[in-house]
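# Structural description and commentary
For reference, the chains in residue letters:
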Amino acid sequence: ILFNTGNAALSAQAKSALSKFANNVLNQNRDMDVSIYGYTDNQGWRNSTAEQSIQKNLNLSQERAQSVASYLLGCGVSNSQIKSVEGLGQADPIGNNDTAEGRQQTRRVEVYMYASQQMIQQAEAGTLK
């Protein structure tokens with residue numbers, strides 16, 4: 001899920017993708033857990049020091065992750081499926097922060113889906129359906 005500069009609002013495209021993900025994947029697999037991680041590019045904030053910009057980017061990344069989590073909950077995803085919602089700021093860019101295109105790729109939220117503890121126990125016991 002990608003975001004505009006300095007913004008945590010979900011685009012129509014992001015909402016569409018999240019609705020499909022919620023309805024076709026998470027709501028059909030209630031025993032799957034998710035972790036949600038938000039990121040920003042490394043651009044500074046106007047009238048802010050480097051340290052202030054880093055903190056503002058960290059806060060913005062948390063807001064982005066929370067926007068995704070809130071939208072998924074609004075689509076009927078169980079609160080118990082969302083195990084973590086975390087902003088990681090400008091850490092771990094996936095694009096080149098020296099280009100507009102690279103910065104756009106880096107302004108994102110990633111959702112990781114994994115087996116719940118119940119699924120792991122069922123797999124170990126040989127009772128996983």
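Scroll up to find the structure this text is about.
Reference entry: report on the structure contained in this document.

Conventions adopted
Residues numbered from 1 in each chain as written. Predicted model: local features only at pLDDT ≥ 70, side-chain atom pairs only at ≥ 80, totals over all residues. Heavy atoms only, no water. Helix = DSSP H or I, 4+ residues; strand = E, 2+ residues; numbered from the N terminus. Buried < 20%, exposed > 50% of the residue type's maximum accessible area, 1.4 Å probe, protein only. Contact = heavy atoms within 4.5 Å. Areas by Shrake-Rupley, 256 points an atom, 1.4 Å probe, with all protein chains shown as cover. Salt bridge = Lys/Arg side-chain N within 4 Å of Asp/Glu carboxyl O. Core = buried A, V, L, I, M, F, W, Y, C linked by side-chain atoms within 4.5 Å. Phe/Tyr/Trp six-rings, centres within 6.5 Å; stacked < 30°, edge-to-face > 60°. Lys NZ or Arg CZ within 6 Å of the ring centre and 35° of its normal. Expected span 1.5 Å × (residues − 1). Arc of directions from axis to C-beta.

## Notes on the overall build of the chain
Per the secondary structure count, the chain includes four helices and three strands. Secondary structure elements of the chain, listed N to C terminal, follow the sequence α-β-α-β-α-β-α. Here the chain, with 129 residues, has 35% of them falling under the buried criterion. For the chain, the proportion of contacts with a sequence separation of at least 24, taken over those separated by at least 6, is 77%. Within the structure as shown, the chain displays about 7500 Å² of accessible surface, and the carbon and sulfur contribution to it stands at 47%.

## Section: unusual backbone geometry
Positive phi, close to 60°, is recorded for Asn47, a residue that is not glycine. Secondary-structure assignment places Asn47 in the loop between β1 (32–38) and α2 (50–74). A relative accessible area of 80% places Asn47 in the exposed class. Even without glycine at this site, Asp92 takes up a positive phi of about 60°. Along the chain, Asp92 falls in the loop between β2 (82–87) and α3 (100–106).

## Topic: the pattern of salt bridges
All told, the structure shown has three salt bridges when counted by the stated rule. For Glu110, the salt bridge identified is with Arg108, shortest N-O distance 2.7 Å. Of the two residues, Glu110 and Arg108, neither departs from the other in class, the shared state being buried. Linked through salt bridges whose partners overlap, the residues forming this network are Asp92, Arg108 and Glu110.

## Regarding the nonpolar core
If you look at the biggest cluster of nonpolar residues, it comprises 16 residues, and the most contacted ones within it are Leu10, Ile36, Val68, Leu72, Val77 and Ile82. Elements that contribute at least two residues to this core include exactly α1 (12–26), β1 and α2. Excluding anything up to four places from it in sequence, Val68 contacts Ile1, Phe3, Leu10, Leu18, Ile36, Val109 and Val111.

## Here we look at the packing of aromatic side chains
All told, the structure shown has one aromatic pair when counted by the stated rule. The ring of Tyr39 carries Arg108 above its face, with NZ or CZ at 3.8 Å from the centroid.

## Observations concerning α1
For α1, spanning 15 residues, the distance from its first C-alpha to its last is 20 Å, which sits close to the expected 21 Å at 1.5 Å a residue. Ala14, Leu18, Ser19, Ala22 and Leu26 are the residues of α1 that are buried. Along the axis of α1, the buried residues cluster in a sector spanning 135°; they form a single face. Seen from the buried face of α1, the exposed residues on the opposite side, beyond 90 degrees, are Ala12, Gln13, Lys20 and Asn24. In this structure, the buried residues of α1 make contact with β1, α2 and β3 (109–115).

## Observations regarding the side chain of Ser53
Mapped onto the secondary structure, Ser53 falls in helix α2. Each residue touching Ser53, except ones within four places of it in the same chain, is listed here: Gly44, Trp45 and Ser48.

By themselves, these figures tell us nothing about what the structure is for.
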